[in-house]
Amino acid sequence: MQSNSQPSASRRTHTHHDHDDREIESLEEFDQVVASGSLAGHRVQSVDLTDRTFALLSADTTESVFLGCVMEPDAAAKIRAGGALVFPPVPGLPFDPYRGGLYGPDELFDGLAGTGFDATPDARTYRWYQDTKSDGDIFASMLRSIHDDAVSDALDEHLAGTQVVGVMGGHALERGSAAYAGAARLGRRLTRDGLTVATGGGPGAMEAANLGAYAAPFEDEMLDSALELLAKTPHFTPSVTDWARAAFEIRHSRPGGGASVGIPTWFYGHEPPNAFASHIAKYFVNAVREDGLLARSTAGVVFLPGAAGTVQEIFDNATPNYYQSRGEPTPMVLVNRAHWTEKLPTWPLLQALAADRPMAARIALVDSVDEAPDALARLRTQAPS
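Keep in mind the model is a prediction, meaning the values are calculated, not measured. In every chain, residue numbers begin from 1 and rise along the written sequence. Reporting in this predicted model follows two pLDDT cut-offs: at least 70 for local features of residues, and 80 or more for side-chain atom pairs to be given and counted; totals over whole chains, interfaces and linings ignore these cut-offs and use all residues. For the side-chain quantities, the full set of heavy atoms in the structure was used; hydrogens and water were omitted.

Right, let's talk about helix α15 (residues 346–354) for a bit. Of the residues making up α15, those classed as buried are T346, W347, L350 and A354. Down the axis of α15, the buried side of the element spans an arc of 95°, and every buried residue falls inside it. Looking at the packing, one finds that the buried side of α15 touches α13 (308–323), β10 (332–335), α14 (337–343) and β11 (363–366). At the C-terminal side of α15, D356 shows a positive phi close to 65°. Remark: exposure states derive from per-residue accessible area (1.4 Å probe, protein chains only) relative to the maximum for the residue type, with buried under 20%, exposed over 50%, and partly exposed in between. Put simply, DSSP H or I for four residues or longer makes a helix, DSSP E for two residues or longer makes a strand, and each gets a number counted from the N terminus. Taking the helix axis as origin, the arc is that swept by the directions to the C-beta atoms. We call two residues in contact when some of their heavy atoms are within 4.5 Å.

The following block contains the structure:
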């Protein structure tokens, strides 16, 4: 597993069908590898191997690694003796630190329909984080690090070969507002243009963009009706349960929506993840999450009006573009001229930084959210000067 926030070249081309892929993340993959004759050198992530004792007893496991795999004691003893490294499952955790894939909304919100949000894995994991983050226990901090590394690995695998565009904006944007509807139209248009929308995975503008991506395969009226329904529960306070249930009502009534990615964090655990991102990479460490989201937005980033967090993201993105530390500068589109030149005059500073540098050809300021997709497309095809 990788801890780097930026995808490596090997990860960008990785698929589970590569001949050189040593990671096994499902029982089906395990059976395929065992049929080839050897598990030597493979990494098996969080697979229940209780019913594969015979295969484990007979397979070559030299220099293999088993991360959080359930197995019979005899099998575990044999593979250790055969040169494998075994990291056993950790009992009592509300999350799997060795997970082999990203989260989905149904997993994080499991139990929402019954007893409500407080009983969901997402809420229980946040409480575990609150209980352990301040006691200095190296075991808990190690589990958080292993989890976040596994999530980064799964995210790189999921995004391999895709064109990712980040959509950044504030969490306070309410359902029912014109700005929320605009962010949803943006997510729909970008998805229809063949891009993968990635957001911070939370409420507000982030949810709106993921909602738009979800609505992309449907007729335009689907998004209009979804916005109308969501407006009845404008914010995740006072009730996260009601807020999330409204989203799932849309998902269940119109299944098969478009794919997108949400990258939230338990660091801001009072903010729930949104249910419209099909794939969720949720982290404990916010710095890894923020840098990772921007680093993976290889097709550019659209910045909707926001406050301190969005300003920070603009310059977190501008810095590698300025130094070209990740290669050619990637497009940056700031939306709402008055906001970024008067209320929070970020645009003049961004322009000053970009002057006489290649990134100057990759930044744009537009008045409305509906102009952002065309501006992004223009910047993507425009060669840096």
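After presenting the structure, the write-up continues.
Right, let's get into the side chain of N321. Looking at the element boundaries, N321 is found in helix α13. Looking at N321, the relative accessible area reads 6%, which means it is buried. In this view, N321 contacts P329, T330, M332 and M359; residues no more than four positions away in its chain are not counted.

Let us look at the confidence of the model for the chain. Mean pLDDT over the chain stands at 93; residues scoring 70 or higher make up 95%. What pLDDT expresses is the predictor's confidence in each residue, scored from 0 to 100. Note on residues 1–19: pLDDT under 50 across the span, and 42 contacts to partners over four residues away in sequence or across chains.

We now examine the pattern of salt bridges. Think of a salt bridge as a Lys or Arg side-chain nitrogen and an Asp or Glu carboxyl oxygen that are within 4 Å of each other. Inspection of every chain in the model, using the stated rule, returns 14 salt bridges. A salt bridge links K282 to D122, with the shortest nitrogen-to-oxygen separation between them at 2.7 Å. Here K282, found in the loop between β8 (279–280) and α12 (286–296), pairs with D122, found in helix α6 (residues 121–132); they are 160 residues apart in sequence, far enough to count as distant. K282 sits in the buried class, given a relative accessible area of 0%.

Right, let's get into the environment of R43. Looking at the element boundaries, R43 is found in strand β2 (residues 43–45). For R43 and D21, which are 22 residues apart along the polypeptide, the C-alpha to C-alpha distance reads 9.4 Å. Those residues within four positions of R43 in sequence are excluded, and the remaining contacts are R22, E23, I24, E63, S64 and V65. Whenever two N or O atoms come within 3.5 Å, that pair is a polar contact, provided that in protein one can donate a hydrogen and the other can accept it, and provided that, for residues adjacent in sequence, both atoms are side-chain atoms. Within polar-contact distance, the side chain of R43 engages the backbone oxygen of G41 at 3.3 Å. Within polar-contact distance, the side chain of R43 engages the backbone oxygen of E63 at 3.1 Å.

Here we come to a negative patch on the surface. Patch membership needs two things, relative accessible area over 30% and no salt bridge, and members are linked within 9 Å if like-charged or within 5 Å if nonpolar (Val, Leu, Ile, Met, Phe, Trp, Tyr). In this description, accessible areas are obtained by the Shrake-Rupley approach with a 1.4 Å probe, and a residue is regarded as covered only by the protein chains that are shown. For the purpose of counting charges, residues Lys and Arg are taken to be positive, whereas Asp and Glu are taken to be negative. His and the chain ends are not included. Charge positions are represented by NZ for Lys, CZ for Arg, CG for Asp and CD for Glu. On the surface, D48, D51, E72 and D74 cluster together into a patch of negative charge. Note that D74 resides in helix α4 (residues 73–81). For D74, a relative accessible area of 60% corresponds to the exposed category.

Strand order in the open sheet formed by seven strands is β8-β7-β6-β5-β9-β10-β11, and the pairing between neighbours is parallel. One side of each edge strand has no neighbouring strand; the edge strands of this open sheet are β8 and β11. Here two bridges tie strand β7 (residues 261–262) to β8, and the two strands are oriented parallel to one another. Its bridge partner being in β8, G262 is matched across the sheet by I280. On top of the sheet, helix α9 (residues 205–215) reaches β5 (164–168), β6 (196–199) and β7; it is set at about 160° to β6, its chief contact. In this analysis an axis means a line fitted to C-alpha atoms, helices contributing only their contacting stretch, and an angle means the value between N-to-C directions, from 0 to 180 degrees. Across the sheet, helix α16 (residues 372–381) touches β5, β9 (301–303), β10 and β11, and the angle it forms with β10 is around 160°. At least two bridges found by DSSP between two strands is the condition for calling them paired.

The next point concerns the nonpolar core. As used here, the term nonpolar core means buried Ala, Val, Leu, Ile, Met, Phe, Trp, Tyr and Cys residues forming a set that is joined through side-chain atoms within 4.5 Å. One finds L211, L304 and V333 to be the most contacted residues of the largest nonpolar core, which totals 88 residues. The contacts of L211, once residues within four sequence positions are left out, are Y180, A184, L223, A226, L227, L230 and F276.

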